[in-house]
Amino acid sequence: MTSQNSMNSSGSKPMQGKEVVVLAESSAIDPPMEKDSRIQWWLGLTDLGSQSLTQGALGVERMHLSIADETFDILARIPTTRPYSEPVRVLHHGISTLCYRSVAGVGRLLSRQLGKD
């Protein structure tokens, strides 16, 4: 006969109608990563980040220039702004391209530097 107030084998009172699951520490289940594996993991993560930076900057550049072209096309149809539309477009695209390609270049540089053994 066991009563609800009785102690279990660990010396604590069992919870009524609830199961208690004790999880082992992760280090007991998974062996610790070796130093080389950790380094490779971090190098892979930084490579992913640098590639994302590069491709993200180039993708945003394409989108930015495409949206800007819509605006400049409208300005080219308005007689008052027509003479200035194309020179401003060239200047805008040049500055934008320089900025986005600089960010993409940093991503490529990081990828090359981190990829060296």
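What you are looking at is a predicted structure, and each value in this text was computed from that prediction instead of being measured.

> For this particular structure, what's the right way to read the pattern of salt bridges?
Pairs may arise between side chains of opposite charge once their charged atoms sit close together. All chains considered together, the criterion is met by 4 salt bridges. When the shortest N-O distance is used, the salt bridge between Arg89 and Asp69 registers 3.0 Å. Here Arg89, found in helix α3 (residues 82–115), pairs with Asp69, found in helix α2 (residues 35–77); they are 20 residues apart in sequence, far enough to count as distant. In the salt-bridge network here, residues are joined through shared partners; they are Asp69, Asp73, Glu86 and Arg89.

> What am I meant to see in α3 here?
Under the 1.5 Å per step criterion, the end-to-end length of α3 is 49 Å for 34 residues, consistent within 8% with the ideal 50 Å. Looking at α3, one finds that the buried residues are Ser85, Arg89, His93, Ser96, Tyr100, Ala104, Gly107 and Ser111. Residues of α3 that are buried in the fold lie against α2.

> I keep staring at the environment of His92 and nothing clicks. Help me out?
Mapped onto the fold, His92 is located in helix α3. A residue is classified by how much of its surface remains accessible, and His92, at 24% relative accessible area, is partly exposed. Remark: the alpha-carbon pair of His92 and Ala68, spanning 24 residues in sequence, is separated by 8.6 Å. Those residues in contact with His92, other than ones at most four positions away along the chain, are His64, Leu65, Ala68 and Phe72. In terms of polar contacts, His92 uses its side chain to reach the side chain of His64, at 3.1 Å.

> I keep staring at the packing of α2 against α3 and nothing clicks. Help me out?
Here α2 crosses α3 at 175°, and the two axes come no closer than 8 Å. In terms of orientation, α2 lies roughly antiparallel with respect to α3. The residue makeup of the contact of α2 with α3, split by class, is 17 nonpolar, 12 polar and 9 charged.

> How should the side chain of Glu61 be read in this particular structure?
Tracing the backbone shows Glu61 in helix α2. For Glu61, a relative accessible area of 3% corresponds to the buried category. Reaching out from Glu61, the side chain makes a polar contact with the side chain of Thr97 at a distance of 3.4 Å. When residues no more than four places from it in sequence are discounted, the contact partners of Glu61 are Thr97, Tyr100 and Arg101.

Scoring rules and cut-offs
- Residues numbered from 1 in each chain as written.
- Predicted model: local features only at pLDDT ≥ 70, side-chain atom pairs only at ≥ 80, totals over all residues.
- Heavy atoms only, no water.
- Salt bridge = Lys/Arg side-chain N within 4 Å of Asp/Glu carboxyl O.
- Helix = DSSP H or I, 4+ residues; strand = E, 2+ residues; numbered from the N terminus.
- Expected span 1.5 Å × (residues − 1).
- Buried < 20%, exposed > 50% of the residue type's maximum accessible area, 1.4 Å probe, protein only.
- Contact = heavy atoms within 4.5 Å.
- Polar contact = N/O pair within 3.5 Å; in protein donor to acceptor, adjacent residues only side chain to side chain.
- Axes fitted to C-alpha atoms, helices over the stretch in contact; angles between N-to-C directions.
- Parallel < 35°, antiparallel > 145°, perpendicular 65-115°, else oblique.
- Nonpolar A, V, L, I, M, F, W, Y, C, P; charged D, E, K, R; others polar.

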